[in-house]
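# Reading the structure
Residue strings, one per chain:
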Number of protein chains: 2
Amino acid sequence: MPKLGMEPIRRAALVKATIDEIGAAGNLDVTVSSIAKRAGMSSALAHHYFGGKDQIFLAAMRHTLSVYGAEVRAALMTATGHRARLEAIIGASFASSNFQPDVIATWLNFYVLAQTSTDAHHLLVVYQRRLRSNLMYDLQPLIGQRAEGAAARIAGLIDGLYLRQGLARDVADQSDATAQVLALLDAELQGRAQ
Amino acid sequence: MPKLGMEPIRRAALVKATIDEIGAAGNLDVTVSSIAKRAGMSSALAHHYFGGKDQIFLAAMRHTLSVYGAEVRAALMTATGHRARLEAIIGASFASSNFQPDVIATWLNFYVLAQTSTDAHHLLVVYQRRLRSNLMYDLQPLIGQRAEGAAARIAGLIDGLYLRQGLARDVADQSDATAQVLALLDAELQGRAQ
DNA sequence: TTCTTTATTGACTCGTCAATCAATAAAAAG
DNA sequence: CTTTTTATTGATTGACGAGTCAATAAAGAA
């Protein structure tokens, strides 16, 4: 029963299924068949819409990044003042939608994928630049030329705590991760790191 | 020409070849054949000595961790005073032997492996505990109960910067990574993060 | 010298998986 | 009503790779 306009629906379903499947498997060794099955279609259809496995992964990566971007944007919308905006960025990075085990596993695997795929690499670079730029925008007015180093440390700590969370087996608290980065932010704003 | 006592030699060669091969491939999709070939033997022999692919990976992981551990121990040996010891730990974490692209790729892939392999997971937990414990040992006398949070942040930043380095294509400076963590250390010791 | 142990490999099995393709079906266009 | 376009899949192909095994060879032991 070929209803027209299936393409976007199928694509979205495949992207979601990819993330779920990576989360369930814990690595990128997920087959097109298993993804397609989870999305309720045949593997042939997945190939039909995406062309190949790599492109399915890339689409999932873009989706994850765009969800994160939206989260940050929404958080920034409600924040006023540089300090509040910085806290919003940090909070969004550890928001529950990015902090699900599935999503973390997906991120982690993207880092691996980025080592071989130019496209994946580029997407991660974009993410890093955006995070850095967001931080700089509000750090610079507060601490001037010290913003550069502070942004590098805050961004690094976010990534590091995210990585640790990916390793943790239990569904640990994102509140703790957030608190750690906020503590660092405090230190940076008080100017004790140069 | 079966000279006796080949086992340790072959095992060591396979471990080294595994790290090289992962570094060259950029992911864990390296075949036993390619590893064995790089190590100058048949894949059958690799299976003979290790039993299976997983165990080859685990051995490579143990080796990487033990090299890192030795590096830290050596650095601590020559350092006197809590502050110097902390700097030694940080320096060792970014020492050139761990900061080679091959080794970084291997670490990254171990994080992925740890999501499915209990053994791999355990090894990484041991690493994290050791790092944390090393940091705490010297932080506690300096800043007392604030040591806990400080150790989490420093360890997190080390991991995060390591991750970023794994993503960077160019052979960037470990001096910068070290400097960032040292700046954080400064801030923590001055007590501006609580 | 004969037997056992260690070293070593080529050839093979078995499974898996990405990608293709021909075939089916239903909507829409003409 | 015919043709084209979109949707969909089962079956198949072709490649690759982990693990096994029998066979070969050289030491050392008896």
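Treat the numbers as computed from the prediction; the structure is a model and nothing was measured.

Rules used throughout
Residues numbered from 1 in each chain as written. Chains lettered and ligands numbered in written order. Predicted model: local features only at pLDDT ≥ 70, side-chain atom pairs only at ≥ 80, totals over all residues. Heavy atoms only, no water. Contact = heavy atoms within 4.5 Å. Buried area = accessible area lost by both parts, 1.4 Å probe. Salt bridge = Lys/Arg side-chain N within 4 Å of Asp/Glu carboxyl O. Helix = DSSP H or I, 4+ residues; strand = E, 2+ residues; numbered from the N terminus. Buried < 20%, exposed > 50% of the residue type's maximum accessible area, 1.4 Å probe, protein only. Arc of directions from axis to C-beta. Axes fitted to C-alpha atoms, helices over the stretch in contact; angles between N-to-C directions. Parallel < 35°, antiparallel > 145°, perpendicular 65-115°, else oblique. Left-handed = near helix turned anticlockwise from the far one by under 90°. Nonpolar A, V, L, I, M, F, W, Y, C, P; charged D, E, K, R; others polar. Least-squares fit on C-alpha atoms with pLDDT ≥ 70 in both. pLDDT = per-residue confidence, 0-100. Core = buried A, V, L, I, M, F, W, Y, C linked by side-chain atoms within 4.5 Å. Expected span 1.5 Å × (residues − 1). Bend = angle between axes of the 7 residues up to and from the residue. Polar contact = N/O pair within 3.5 Å; in protein donor to acceptor, adjacent residues only side chain to side chain. Phe/Tyr/Trp six-rings, centres within 6.5 Å; stacked < 30°, edge-to-face > 60°.

This part covers the interface of chain B and chain A. Tallying the contact residues gives 41 residues for chain B and 41 residues for chain A. Carbon and sulfur atoms make up 59% of the area that chain B and chain A hide from each other, which totals about 3,800 Å². On the surface where chain B and chain A come into contact, there are two salt bridges. Its salt-bridge partner being Asp159 of chain B, residue Arg164 of chain A comes within 3.0 Å of it at the nearest N-O pair. Of all the secondary-structure elements, those providing two or more residues to the side of chain B that touches chain A are helix 6 (101–113), helix 7 (118–143), helix 8 (147–167) and helix 9 (174–189) of chain B. Sort the elements by how many residues they give to the side of chain B that touches chain A and helix 8 of chain B lands first, with 13 residues.

Here we come to helix 3 (residues 43–50) of chain B. Residues and elements named next belong to chain B. Listed in full, the buried residues belonging to helix 3 are Ala46, Tyr49 and Phe50. Viewed along the axis of helix 3, the buried residues span an arc of 85°, placing them on a single side of the element. Residues of helix 3 that are exposed and point more than 90 degrees away from the buried face comprise Ala44 and His48. Where helix 3 is buried, its residues contact helix 1 (6–25), helix 2 (32–38) and helix 4 (53–77).

Okay, the packing of helix 4 of chain B against helix 5 (residues 82–93) of chain B next. Residues and elements named next belong to chain B. Contact pair helix 4 / helix 5: the axes reach a minimum separation of 8 Å and the direction vectors enclose 150°. Here helix 4 lies roughly antiparallel to helix 5, going by the angle between them. Crossing of helix 4 against helix 5: the hand is right-handed. Taken together, the residues of helix 5 that come into contact with helix 4 (itself represented by Tyr68, Glu71, Val72, Ala75 and Leu76) are Arg85, Ala88, Ile89, Ala92 and Ser93. Tallied by class, residues from the contact of helix 4 with helix 5 come to seven nonpolar, one polar and two charged.

To continue, consider the pattern of salt bridges. All names here are of chain B. Counted by the stated rule, this structure contains 18 salt bridges over all chains. Here Glu188 ties to Arg153 by a salt bridge, and the two come within 2.6 Å at their closest N and O atoms. Placement of Glu188 in helix 9 and of Arg153 in helix 8 is noted, with a sequence separation of 35 residues between them. Classification of Glu188 by relative accessible area gives buried; the value is 1%.

Here we take up the environment of Asp102 of chain A. Residues and elements named next belong to chain A. With respect to the element layout, Asp102 can be found in helix 6 (residues 101–113). Separated by 84 residues in sequence, Asp102 and Thr18 have C-alpha atoms that sit 9.9 Å apart. Ignoring sequence-local partners within four residues, the contact set of Asp102 consists of Ile19, Asp20 and Gly23.

In screw terms, the move from chain B to chain A is a rotation of 180° and a rise of 0.0 Å along the axis, fitting with an RMSD of 0.0 Å. With respect to symmetry, the two chain copies, as superposed, fit the operation of a two-fold axis. No C-alpha of chain B approaches the rotation axis more nearly than that of Gly160 of chain B, which lies at 1.7 Å. Take the interface residues of chain B: 100% of them recur as interface residues in chain A, which is what a same-surface contact looks like.

If pLDDT is low for a region, its predicted coordinates should not be looked at in detail. Confidence in the prediction of chain A, expressed as mean pLDDT, is 92, and 95% of residues score 70 or more. Under the prediction, the complex receives an ipTM of 0.92, its pTM being 0.93.

Let us now look at the nonpolar core. Where a protein is soluble and globular, its nonpolar side chains tend to be buried together. Core analysis: the biggest nonpolar cluster contains 134 residues, and Leu139 of chain A together with Leu139 of chain B have the highest contact counts within it. Excluding its chain neighbours within four sequence positions, the residues that come into contact with Leu139 of chain B are Leu86, Gly144, Ala147, Ala150, Ala151, Ile154, Leu185 and Leu189 of chain B.

Residue and element names in this part refer to chain B. Helix length check: helix 7, at 26 residues, gives a terminal C-alpha distance of 35 Å against a target of 38 Å (1.5 Å per residue), a fit within 8%. Of all the bends in helix 7, the largest measures some 30° and sits at Tyr137, one to four residues before the proline Pro141. Sitting at the head of helix 7, Ser117 places a side-chain oxygen 3.3 Å from the backbone nitrogen of Asp119. Gly144 occupies a position one or two residues after helix 7 and carries a positive phi of about 60°.

A word on the packing of aromatic side chains. This structure, assessed with the given rule, holds twelve aromatic pairs over all chains. Judged by centre distance (5.6 Å) and plane angle (70°), the ring pair of Tyr68 of chain A and Tyr127 of chain A falls under edge-to-face. On the criterion of sequence distance, the pair formed by Tyr68 of chain A in helix 4 (residues 53–77) and Tyr127 of chain A in helix 7 (residues 118–143) is long-range, its members being 59 residues apart. On the accessibility criterion, Tyr127 of chain A (5% relative accessible area) is buried. On the numbers, 6.2 Å between centres and 85° between planes, the contact of Tyr68 of chain B with Trp107 of chain B is edge-to-face. With Tyr68 of chain B in helix 4 and Trp107 of chain B in helix 6, this pair connects stretches of sequence that are 39 residues apart. Accessibility expressed as a relative area gives 5% for Tyr68 of chain B, which makes it buried. Given the relative accessible area of 5%, Trp107 of chain B is considered buried. One aromatic cluster in this structure is built from Tyr68, Phe94, Phe99, Trp107, Tyr127 and Tyr162 of chain A.

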